[in-house]
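The lines below spell out each chain.
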Amino acid sequence: MNKYERLDEIARRVNEKGTIRITDIVEDLNVSDMTVRRDLVELEEQGILTKIHGGARSNLAYQYKEMSHHEKHTKNSKEKLEIAKKAAELIEDGNTIFLGPGTTVEMLAKEIQNERLSVITNCLPVFQILQPKKTEQFSVYLIGGAQRQLTESFVGEMANTLLEKMRFSKIFFSANGIKGNDVMTSSYEEAYTQKLAIAHSNEKYILADDSKMGKEDFVSFCQLKDLTAIITNELNEEQLTTMQHYIEVI
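Residues numbered from 1 in each chain as written. Predicted model: local features only at pLDDT ≥ 70, side-chain atom pairs only at ≥ 80, totals over all residues. Heavy atoms only, no water.

For the protein chain, the name recorded in an unreviewed UniProt entry is Lactose phosphotransferase system repressor, with Staphylococcus canis as its organism. In UniProt, the protein chain has this text filed under Function (unreviewed entry): "Repressor of the lactose catabolism operon. Galactose-6-phosphate is the inducer." (UniProt positions renumbered as here; feature names shortened; annotations may be inferred.)

Quick look at the structure:
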């Protein structure tokens, strides 16, 4: 188990149980006491837990459960299509873009009509949508690694090592929730991989429908203020005001 898998596991356990003990983690994951203590410090900095004597307690007031890929596909499909069409208009011939995992990004992949483009993704469904569009001037690359079943995305050390060497004109990615300035998703490993891709992109676009506004999830991986724009559907007045405080709204 690598570091990011371990952080994911520790965070999942603390959110399922409410509290965890260092001694249990040391025994169950077969790591040192010092390693677990460092992990708890990192997870506390992420806002996932609070360290207590001999362990940690969850900062979440709910039991974590991520929707399945099918459930996400069937939810807010009209709004997601509207967002995908807006995003496709921002892609220019000659761009090198990164597409993250997510059903809204999959819809974007279907809307792309450019003739000259390089697309890099760590999401298998996105790659499968774009593969038939491949030509001499339209390139599609799938980053490999450890596959996350729920999103069919590739994460972990192999994916991260590749991303460290890449640079993108634009990134289009999604999230499970946006709470204040924090953009949140459901997996520490997936969060870290997306964070790398965002850092290596000149323009950074988040695709999120109104159901994501004000919603919390497992881990925060970036902040709205550091992104170029949010591409969304029609928001109510309160949602729009909140978003515009941090970011341009498209």
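J.: What is the right way to look at the pattern of salt bridges in this model?
T.: Once the charged atoms of two side chains with opposite charge are near each other, the side chains can pair. By the definition in use, this model includes 13 salt bridges. Between E82 and K86 there is a salt bridge, with the nearest N and O atoms lying 3.7 Å from each other. In this pair, E82 and K86 both sit in helix α5 (residues 77-88), four residues apart, roughly one turn of the helix. In this structure, a network of salt bridges that share partners links the residues E9, R13 and D28. (Salt bridge = Lys/Arg side-chain N within 4 Å of Asp/Glu carboxyl O. Helix = DSSP H or I, 4+ residues; strand = E, 2+ residues; numbered from the N terminus.)

J.: Teacher, can you tell me more about the sheet that holds strand β11 (residues 182-185) here?
T.: Within a sheet, each strand pairs with its neighbour through backbone hydrogen bonds, oriented either parallel or antiparallel. Across the sheet, three strands lie side by side as β10-β11-β13; this open sheet has antiparallel pairing. Two strands lie at the open edges of the sheet, namely β10 (177-179) and β13 (219-223), each paired on one side alone. Neighbour-to-neighbour, the strand axes of this sheet turn through a mean angle of 35°, independent of strand direction. As paired elements, β11 and β13 share four bridges and run antiparallel to each other. By the bridge assignment for β13, V183 is matched with C222. (Pairing = 2+ DSSP bridges. Axes fitted to C-alpha atoms, helices over the stretch in contact; angles between N-to-C directions.)

J.: I keep staring at the packing of helix α2 (residues 22-29) against helix α3 (residues 33-45) and nothing clicks. Help me out?
T.: For any two helices packed against each other, the geometry comes down to the angle between their axes and how far apart the axes lie. Where α2 meets α3, the axes come as close as 9 Å, and the angle between the chain directions of the two elements is 115°. In this structure, α2 crosses over α3, and the sense of that crossing is right-handed. When α2 is examined against α3, the residues I22, I25 and V26 are found in contact with a partner set consisting of D33, V36, R37 and L40. Classifying every residue of the contact of α2 with α3 by side-chain character gives five nonpolar, no polar and two charged. (Left-handed = near helix turned anticlockwise from the far one by under 90°. Contact = heavy atoms within 4.5 Å. Nonpolar A, V, L, I, M, F, W, Y, C, P; charged D, E, K, R; others polar.)

J.: Is there a simple way to explain the layout of surface pockets in this structure?
T.: Where empty space is left becomes clear once a probe the size of a water molecule has been rolled over the atoms. Size it by volume and the second largest pocket reaches roughly 160 Å³. Listed by contribution, the elements that provide at least two residues to the lining of the second largest pocket are α1 (3-17) and β7 (146-148). No other element matches α1, which puts four residues into the lining of the second largest pocket. (1 Å grid on protein atoms, 1.4 Å probe; cavity = no way out; pocket = protein on both sides within 12 Å on 5 of 7 lines; lining within 4 Å. Points joined across faces, edges and corners; volume = space filled by probe spheres on them.)

J.: Where do I start with the nonpolar core in this structure?
T.: Ranked by size, the top nonpolar core spans 44 residues in total, and within it F173, V183, I206 and L227 carry the most contacts. Sorting the residues of this core by element identifies α1, α2, α3, α8 (157-164), β9 (168-174), α9 (188-199) and β13 as the ones contributing at least two each. Residue contacts for I206: discarding those within four places in its chain leaves F173, A175, I178, V183, L224, L227, A229, I230 and I231. (Core = buried A, V, L, I, M, F, W, Y, C linked by side-chain atoms within 4.5 Å. Buried < 20%, exposed > 50% of the residue type's maximum accessible area, 1.4 Å probe, protein only.)

J.: Which parts of the structure should I look at to understand the packing of α8 against α9?
T.: Axis separation between α8 and α9 bottoms out at 9 Å; the angle between their running directions is 5°. When the axes of α8 and α9 are compared, the pair comes out roughly parallel. For the pair α8 and α9, the contacting residues are N160, L163 and E164 in the first and Y192, T193, L196 and A197 in the second. Class assignment for the residues of the contact of α8 with α9 results in four nonpolar, two polar and one charged. (Parallel < 35°, antiparallel > 145°, perpendicular 65-115°, else oblique.)

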